[in-house]
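Take a look at the letters that make up each chain.
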Amino acid sequence: DNRYPEIFKEIKGIISSPNQILSFGCSTGEECETLQELYFPNIKIIGLDISEKVIKNNIEKNKYKNIKYYS
């Protein structure tokens, strides 16, 4: 789900290749996937959420080597 395309495009224009990205409050991980697929395909993305259950589900369904989820 590309919820913030204008913001993500602006960030990519300012910092085209960051070392890593933190998605704080990543919930189901959709934002992490969008960042990986559309904006930063080779960048490490860290999804962080308070819900251990959500993070466990994200880890199980994760198909991206550069996305890691933590609670």
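Above: the structure in question.
Asker: Hey, could you run me through the overall build of the protein chain in this one?
Answerer: Tallying secondary structure elements over the protein chain gives three helices and three strands in all. From first element to last, N terminus to C terminus, the protein chain shows the α and β order α-β-α-β-α-β. Its C-alpha radius of gyration of 12 Å places the protein chain within 12% of the 11 Å reference for a compact globule of 71 residues. The 71 residues of the protein chain split such that 35% are buried. Across the protein chain, every contact between residues at least 6 apart in sequence was considered, and the portion connecting residues at least 24 apart equals 53%. If you sum the accessible surface of the protein chain, you get close to 4900 Å²; carbon and sulfur atoms cover 53% of it. The centroid of the 10 positive side-chain charges in the protein chain is displaced by 7 Å from the centroid of its 10 negative side-chain charges.

Asker: Would you explain the pattern of salt bridges in this entry?
Answerer: This model, assessed by the stated rule, comprises two salt bridges. Here glutamate 31 ties to arginine 3 by a salt bridge, and the two come within 3.4 Å at their closest N and O atoms. Of this pair, glutamate 31 sits in helix α2 (residues 30–39) while arginine 3 is found in the segment before α1 (5–14), placing the two residues 28 residues apart along the sequence. Lysine 61 is the salt-bridge partner of glutamate 33, the closest N and O atoms lying 3.0 Å from each other. With glutamate 33 in helix α2 and lysine 61 in helix α3 (residues 52–61), this pair connects stretches of sequence that are 28 residues apart. Under the relative-accessibility criterion, glutamate 33 is labelled buried at 18%. Classification of lysine 61 by relative accessible area gives partly exposed; the value is 43%.

Asker: What is the right way to read the environment of isoleucine 46 from this model?
Answerer: If you trace the backbone, isoleucine 46 turns up in strand β2 (residues 44–48). What isoleucine 46 contacts, discounting residues up to four positions off in sequence, is Gln20, Ile21, Leu22, Ser23, Lys68 and Tyr70.

Scoring rules and cut-offs
Residues numbered from 1 in each chain as written. Predicted model: local features only at pLDDT ≥ 70, side-chain atom pairs only at ≥ 80, totals over all residues. Heavy atoms only, no water. Helix = DSSP H or I, 4+ residues; strand = E, 2+ residues; numbered from the N terminus. Rg over C-alpha atoms; globule rule 2.2 N^0.38 Å. Buried < 20%, exposed > 50% of the residue type's maximum accessible area, 1.4 Å probe, protein only. Contact = heavy atoms within 4.5 Å. Areas by Shrake-Rupley, 256 points an atom, 1.4 Å probe, with all protein chains shown as cover. Lys, Arg positive; Asp, Glu negative; His and termini not counted. Charge placed at Lys NZ, Arg CZ, Asp CG, Glu CD. Salt bridge = Lys/Arg side-chain N within 4 Å of Asp/Glu carboxyl O.

Keep in mind these values describe shape, not function.
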